[in-house]
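# Fold and geometry: a report
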Amino acid sequence: MGRIYLDHSATTPVRTEVREAMEPFLAESDGFGNASSIHSYGQHAKAALDNSRELLAAALGAEPSEITFTSGGTEADNLALIGLAFAHRAKGDHVIVSSIEHDAILNSAKFLESAGFRVTYVAVDSFGLVDPQSISDAIDEKTIVVSIMHANNEVGTIQPIREIAAIARERGVLFHSDAVQSFGQLPVFVDDLGVHALSVSSHKIYGPKGVGALYLRRGIGITPLLYGGGQERDRRSGTENIPGIVGFAEATRLLLAERDANSERMQVLRNGFLQKATAQIEGLRINGHPTRRLPNNINFSVPGVEGEAMLLNLDIAGIAASSGSACASGSIEPSHVLLAMNLPAECVRSALRLTLGRKTTEAELYATLETLVRTTQRLRQMTDHTLTAA
Ligand code: PLP
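Cut-offs and rules
Residues numbered from 1 in each chain as written. Predicted model: local features only at pLDDT ≥ 70, side-chain atom pairs only at ≥ 80, totals over all residues. Heavy atoms only, no water. Helix = DSSP H or I, 4+ residues; strand = E, 2+ residues; numbered from the N terminus. Rg over C-alpha atoms; globule rule 2.2 N^0.38 Å. Contact = heavy atoms within 4.5 Å. Areas by Shrake-Rupley, 256 points an atom, 1.4 Å probe, with all protein chains shown as cover. Buried < 20%, exposed > 50% of the residue type's maximum accessible area, 1.4 Å probe, protein only. Axes fitted to C-alpha atoms, helices over the stretch in contact; angles between N-to-C directions. Left-handed = near helix turned anticlockwise from the far one by under 90°. Nonpolar A, V, L, I, M, F, W, Y, C, P; charged D, E, K, R; others polar. Expected span 1.5 Å × (residues − 1). Arc of directions from axis to C-beta. Near = heavy atom within 4 Å. Polar contact = N/O pair within 3.5 Å; in protein donor to acceptor, adjacent residues only side chain to side chain.

Moving on: the overall build of the protein chain. For the protein chain, the helix and strand inventory stands at 12 helices and 12 strands. Computed over the C-alpha atoms, the radius of gyration of the protein chain is 22 Å, within 12% of the 21 Å expected from 2.2 N^0.38 for a compact globule of 390 residues. The principal-axis extents of the C-alpha atoms in the protein chain amount to approximately 75 × 55 × 35 Å. Nonlocal contacts in the protein chain, meaning residues at least 24 apart in sequence, comprise 75% of its contacts between residues at least 6 apart. Accessible surface computed for the protein chain: about 16700 Å², of which carbon and sulfur atoms make up 53%.

Okay, here's the thing in C-alpha cells:
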C-alpha cells in the first residue's frame, strides 16, 4: 500500500477538474486578464469572477452581492471580527468568541483587545460544546458581535449554531460563524443557520490554497482590512485572484454534487475504525462529542504515548496524521482546544487527529490501525523500560 493521507482537515489536494477549470485563467491566451480592465481580456476575467460569485452564493443560499472573496479562511475571519467590531464601534466595545475558535479568530480577538475592545472568551464543556445560555449570559448592551465556529477543526464538534444565532439576533447582536471545516461536509445555508456573516475556505474542499470568502448579509456595514482599488465592493481591495476564485467555485460545484454521499460514507468508515481502535488499544479515549461531530473527524488520546512520537512513527510508516491543528504545528504548545475542554494533561499530550477524505478507503484505515496498535505497544514498552531504568 502506498502512502496514506489522513490529514484532510489540514488541507486537501486540488482535484483534477479544478486544476483544469483554473488553467485557462493562468494561460497566455485570453484568460489571464485583470477583472478591472475594460478590454476583452478584462471582460473575460470579470465574467469568470461573476460566475464564480454566483455559484458560491447559491451554494450558501446567499446573494452574489453578499460574497466577498478573500485570500482564505484566515482573512475572512479577520475581516468578519475586526471589520464588524470597528464598523459598529458607535454601538459598543464588546465582542464574544468561544475559547476553542481557530487562531484566525482568537488572534483577531486579541488584536481587538489591544485596540481597546473587551473580549469574552466563552468556555466549552468536555465535549467542546458551547452552551447557548453562556452566550446569552455574556451579551451586554455594548456587545457588537458574537463569533462561534460551526465545527471545530481539531475535535470536529458541531456547535448549536441555529440556537446561538437566534439568541444573538433577538438581542440585536451581529453573529459570525467560521464554517471553514463544516462547508465540505455539512449543509451550510446562511438563512437556515441564521448568521449575519460566515467564513469559508477553498483548500479544505479540494480547491486551491490562498482563496476563501466571507458571506456578509446585505445592508451590514464592515470596515475593510485592505485599502486600494476598491475591489469587492470596497470591502477587500486588491486585484482579484481569478484562477483561485474559479478553482474555488469549481471545487464548490463538485462538492455540492457529492457532499451528502461522501459524508455518509466517511461517517460509516470513521465509526467502524473507532469501534475497532477502542477494542484493540487499551485506554484509548475518544476526544470530542460522540455524535455531534464532523463525519470525517477522528480524535483520540492514547495515554502513555506522546502524540508527537506517534506522529513521527506514523510518518515513517507513510501515514500522515496530526496531533492538533495543523496551523499550530511546528510548535509544541499543547492544543488550546483540548485544554479548554479540560482534558487531563496526559490526554492532551497524547492526542492524535485523523481526518478522512473523499478517497479514504477501509483498507487504508485498517493499515493505519495496525500501525497504531504496533506503535502503541512499542512506545509503551519503551516508556516502561525508561521508568524501570530510572
Ligand atoms: N478556520 C478554521 C476552523 C480552520 O480550520 C482554518 C484552517 O485550518 C482556518 C480558519 C484558516 O483558513 P485558511 O487556511 O484558508 O486561512
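Let's pick the thread back up.
Apart from glycine, the bulk of residues carry a negative phi angle, and the bulk of peptide bonds sit in the trans form. You will see that Glu232, though not glycine, has its phi angle at about 55 degrees, which is positive. Within the secondary structure, Glu232 sits in the loop between strand 8 (212–216) and helix 8 (242–280). Take Glu232: its relative accessible area is 8%, and that puts it in the buried class. Here Arg233, not a glycine, exhibits a phi torsion of approximately 55 degrees, which is positive. With respect to the secondary-structure elements, Arg233 resides in the loop between strand 8 and helix 8. Here Arg233 falls in the exposed class, since its relative accessible area comes to 59%.

So, about the packing of helix 2 (residues 40–60) against helix 8. The description of two helices packed together rests on the angle between their axes and the distance between the axes. Direction vectors running N to C along helix 2 and helix 8 enclose 35 degrees, while the axes themselves pass 9 Å from each other. For the crossing formed where helix 2 meets helix 8, the hand is left-handed. Together, Ala45, Ala48, Leu49, Ser52, Leu55, Leu56 and Ala59 of helix 2 and Ile242, Ile245, Val246, Phe248, Ala249, Thr252, Arg253 and Leu256 of helix 8 make up the contact between the two elements. A class-by-class count of the residues in the contact of helix 2 with helix 8 yields 12 nonpolar, 2 polar and 1 charged.

Over its 21 residues, helix 2 runs 30 Å from end to end, which matches the ideal 30 Å to within 8%, given 1.5 Å per residue. Three or more residues of helix 2 are buried, namely Gly42, Ala45, Ala48, Leu49, Ser52, Arg53, Leu56, Ala57, Ala59 and Leu60. Seen from one end, helix 2 has its buried residues packed into an arc of 165 degrees, which puts them on one side. Looking at the buried side of helix 2, the elements it contacts are strand 2 (67–70), helix 7 (190–193), strand 7 (197–201), strand 8 and helix 8.

Around the ligand, 14 residues are found, and the nearest of them are Gly73, Thr74, Asp178, Ser201 and Lys204. Residue Ser201 places a side-chain N or O atom 2.6 Å away from an oxygen atom belonging to the ligand. Contact with the protein chains hides 91% of the accessible area of the ligand, taken as 390 Å² for the molecule alone. For the shell around the ligand, the leading source of residues is helix 3 (residues 73–87), giving 3 residues. In terms of residue class, the shell around the ligand is built from 3 nonpolar, 8 polar and 3 charged.

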